[in-house]
Structure formats: C-alpha cells, structure tokens
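Okay, here's what each chain looks like letter by letter:
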Amino acid sequence: MSSNSNRCLSLQELIAYGDGDVANHLAIHLKCCELCKAALDGLEMTDKSTRQALLEGSLMKGYQDLSYAPTESAKVTKLSPRRWLVAASLLFALGWAMVQYYNSPEAASTLDSAPLAYVEQPYRRQMRSEGINTDMYGEAAQAFVLDSLAKSIGLYQEAIPKAPTGLLRTRGLYEIGIAYWKLGNFDLAIDNLTGARMGELDYYEDATWALAQLYRQTGHLTEALSLYQDLLAIERSPYLPKAAQMIELIEDSDLNQEY
C-alpha cells in the first residue's frame, strides 16, 4: 500500500492512471498493491468502448437482462465473446490478487506507520438517498484526487454551507479536513476533523482515526494516544487492531527515548 493511503484505486482512478492523469500518491499505491496492479492489467486488455461500459455499469447488462426465453430471442441479447473474455479476465485477475495479498504474511503483520495510512480519502460518490441524486462534493473530491488541493478546498468551502442534511455536512467537514491536512494547514485540518468527529455518528471512527494520526504526526502524542484508546473501546471497529499497534509503537518509542 502507499504511504499516503491504504485505499485501493477505484475504477475511475485506474482508468485515469492508464491515461496518465492521476495523483502521485495513487501512482505510488499502484506500484505497491498487487490487487490494483492485477486490475490495471485487466483494463489494459480493453478498448475505449469497453472501459466506458465498465464505468457506466453496462458491460454485463446483457447478461442481467438475459432470460430463459427461446433461443431466437436469447441471441438478441448475447454479448460479444471479446467482452465476456475481458470481464472474465478482470474477475480472475482480481480474485487471484486478493488471494495472494490476503494470504501473505505482510498483509497480516505489517503496519504502515505513515501519517495518512488507512485514512479514508475523499472521492466522488453516487448519491441515491433522501432525494439526492448528485454528489454536491463531487467536483471538490475530484480536485482532491488530482492533487489540486487549493481548488478542492475552495469547492468544499462553497458546498458545505449548502449541505441539506447533517450527514452531508459532516462528510464535508471530514473531507475538507483531509484536504487541509494534505495542504499542510494542520490547525484547520484539526478544527474540521474535530467537527466531523462531533457530527454524525457515521463519521466518528474515520474522523477519530484521522485525528489520532494527525496528532501523532504533529508530535501531540498524548492526544493521539487518547484517540487511539477511544477506538479500542469500539468492538468490531475496523481501526481496532491498527489503533492497538499504534499505541504499542508510540509506547515503544517513548521507552527507547528513556534509555
């Protein structure tokens, strides 16, 4: 995984990488992640129209619509052998990479101690709830992905006051906090991530982990340890094992400094 993010690349980002239009930290992740490399290998087998079909979610539509109708009507919805081959190749490559990665000793024992490791990053989303069908933070998130951080922050600043729900406002605070962090404005990053942590519960764990990592980066180890401890109190939290390892890392570091 990259030093900046543990998140695997989305389909859009994989295609952007193939077109030479992707942020540096994502390119670094791709070099280290067997899963993403396998997916990229599969995409390189495709032509432009097939990649577009993958983005639109229409590549497998012919199969989804296929019924047990007479042979003559089934022929109408039959997909081309090439597209089936591409889809099968992608699935095989992804499956193989997942098995190889998650069965490796490194996947189980290695902790990436970089500040932004395992921090949930902003990304464009499809909104399908509460009457919202467009992502009000979509442009800001896309600018973030492309490392246009000043532009991203400006777009978040415009959008957050217009958030129609508490959850969307909390998301905006979280994501602009990450953008400020990457830009190096740690004070505003802490302010916004704290607002997200105190907002809707959906973002509590993500914001707590991000704040702990940021406090650790800036040398505020007491605050970081307190936040890691908060995560340990949440049963089944995906951050629980990482928080425990971070606490051990900080305590070991402090112990070594005493000698």
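Definitions and cut-offs
Residues numbered from 1 in each chain as written. Predicted model: local features only at pLDDT ≥ 70, side-chain atom pairs only at ≥ 80, totals over all residues. Heavy atoms only, no water. Helix = DSSP H or I, 4+ residues; strand = E, 2+ residues; numbered from the N terminus. Contact = heavy atoms within 4.5 Å. Salt bridge = Lys/Arg side-chain N within 4 Å of Asp/Glu carboxyl O. Buried < 20%, exposed > 50% of the residue type's maximum accessible area, 1.4 Å probe, protein only. Core = buried A, V, L, I, M, F, W, Y, C linked by side-chain atoms within 4.5 Å. Phe/Tyr/Trp six-rings, centres within 6.5 Å; stacked < 30°, edge-to-face > 60°. Lys NZ or Arg CZ within 6 Å of the ring centre and 35° of its normal. Axes fitted to C-alpha atoms, helices over the stretch in contact; angles between N-to-C directions. Parallel < 35°, antiparallel > 145°, perpendicular 65-115°, else oblique. Left-handed = near helix turned anticlockwise from the far one by under 90°. Nonpolar A, V, L, I, M, F, W, Y, C, P; charged D, E, K, R; others polar. pLDDT = per-residue confidence, 0-100. Expected span 1.5 Å × (residues − 1). Lys, Arg positive; Asp, Glu negative; His and termini not counted. Polar contact = N/O pair within 3.5 Å; in protein donor to acceptor, adjacent residues only side chain to side chain.

Another aspect to go through is the environment of leucine 183. Looking at the secondary structure, you find leucine 183 in helix α11 (residues 166–183). Counting along the chain gives 33 residues from leucine 183 to alanine 150, while the straight-line C-alpha distance between them is 7.7 Å. If near-sequence neighbours (up to four positions away) are discounted, leucine 183 is found in contact with Leu149 and Ile153.

Turning next to the pattern of salt bridges. In total, this model carries 5 salt bridges according to the counting rule given. Between arginine 125 and glutamate 175 there is a salt bridge, and its shortest N-O distance comes to 3.2 Å. A residue pair is termed long-range when its members are at least 10 positions apart, and arginine 125 in the loop between α8 (105–109) and α9 (138–145) and glutamate 175 in helix α11 qualify at 50 residues. Residue classification places arginine 125 among the partly exposed positions, given a relative accessible area of 22%.

Counting residues in hydrophobic clusters, the biggest one holds 45 residues, and the most contacted among them are Val119, Tyr174, Ile178, Trp181, Leu193, Trp209 and Tyr228. At the level of secondary structure, the elements contributing two or more residues to this core comprise α9, α10 (149–159), α11, α12 (186–197), α13 (204–217), α14 (221–232) and α15 (240–258). Per element, the largest residue contribution to this core is 8 residues, and it comes from α11. Among residues more than four places away in sequence, those in contact with tyrosine 228 are Trp209, Ala212, Gln213, Arg216, Ala243, Met246, Ile247 and Ile250. Leu14, Leu35, Ala39 and Leu40 belong to the second-largest nonpolar core, a separate cluster that totals 7 residues.

A word on the packing of aromatic side chains. Any two aromatic rings considered together are summarised by their centre-to-centre distance and by the angle between their planes. Under the counting rule described, the total for this entry stands at 5 aromatic pairs. With a centroid separation of 6.3 Å and an interplanar angle of 65°, the aromatic rings of tyrosine 118 and tryptophan 209 are classed as edge-to-face. Here tyrosine 118, found in the loop between α8 and α9, pairs with tryptophan 209, found in helix α13; they are 91 residues apart in sequence, far enough to count as distant. Grouping residues by exposure puts tyrosine 118 and tryptophan 209 together as buried. One aromatic cluster is present, built from ring pairs that chain together Tyr118, Trp209, Tyr228 and Tyr239. The ring of phenylalanine 144 has lysine 182 lying over it, and the distance from NZ or CZ to the ring centre is 5.1 Å.

The subject of this paragraph is the packing of α10 against α11. Between α10 and α11, the shortest axis-to-axis distance is 10 Å and the interhelical angle comes to 155°. When the axis of α10 is compared with that of α11, the two are roughly antiparallel. In the packing of α10 onto α11, the handedness of the crossing is left-handed. Of the residues in α11, those in contact with Leu149, Ser152, Ile153, Tyr156 and Gln157 of α10 are Gly172, Glu175, Ile176, Ala179, Tyr180, Lys182 and Leu183. Looking at side-chain class alone, the contact of α10 with α11 contains 7 nonpolar, 3 polar and 2 charged residues.

α13 packs onto α11 with a crossing angle of 20° between their chain directions and a minimal axis gap of 11 Å. With respect to their mutual orientation, α11 and α13 come out roughly parallel. Crossing of α11 over α13 shows left-handed handedness. Side by side, α11 and α13 meet where Tyr174, Ile178 and Trp181 of the first sit next to Asp206, Ala207, Ala210, Gln213, Leu214 and Gln217 of the second. Of the residues contributing to the contact of α11 with α13, the split by class is 6 nonpolar, 2 polar and 1 charged.

This part is about the confidence of the model for the chain. Mean pLDDT for the chain: 78, with 62% of residues reaching 70 or above. Overall, residues 99–108 carries pLDDT values under 50, and its contacts beyond four positions in sequence, including any with other chains, amount to 3 contacts.

In this model, α11 (18 residues) spans 26 Å end to end at C-alpha, consistent with the 26 Å of a helix rising 1.5 Å per residue. For α11, the buried fraction is high: 13 of the 18 residues fall into the buried class. Glycine 184 sits one or two positions beyond α11 and adopts a positive phi of about 95°.

Glancing now at α9. α9 sits mainly inside the fold: 6 of its 8 residues count as buried. Where α9 ends, the next residue or the one after it, aspartate 147, has phi of about 65°, a positive value.

Bringing the side chain of aspartate 112 into the picture now. Structurally, aspartate 112 is set in the loop between α8 and α9. Of the buried charged residues, aspartate 112 lacks a salt bridge, with arginine 216 as the closest side chain of opposite charge at 7.2 Å. In terms of polar contacts, aspartate 112 uses its side chain to reach the backbone amide nitrogen of alanine 114, at 3.0 Å.

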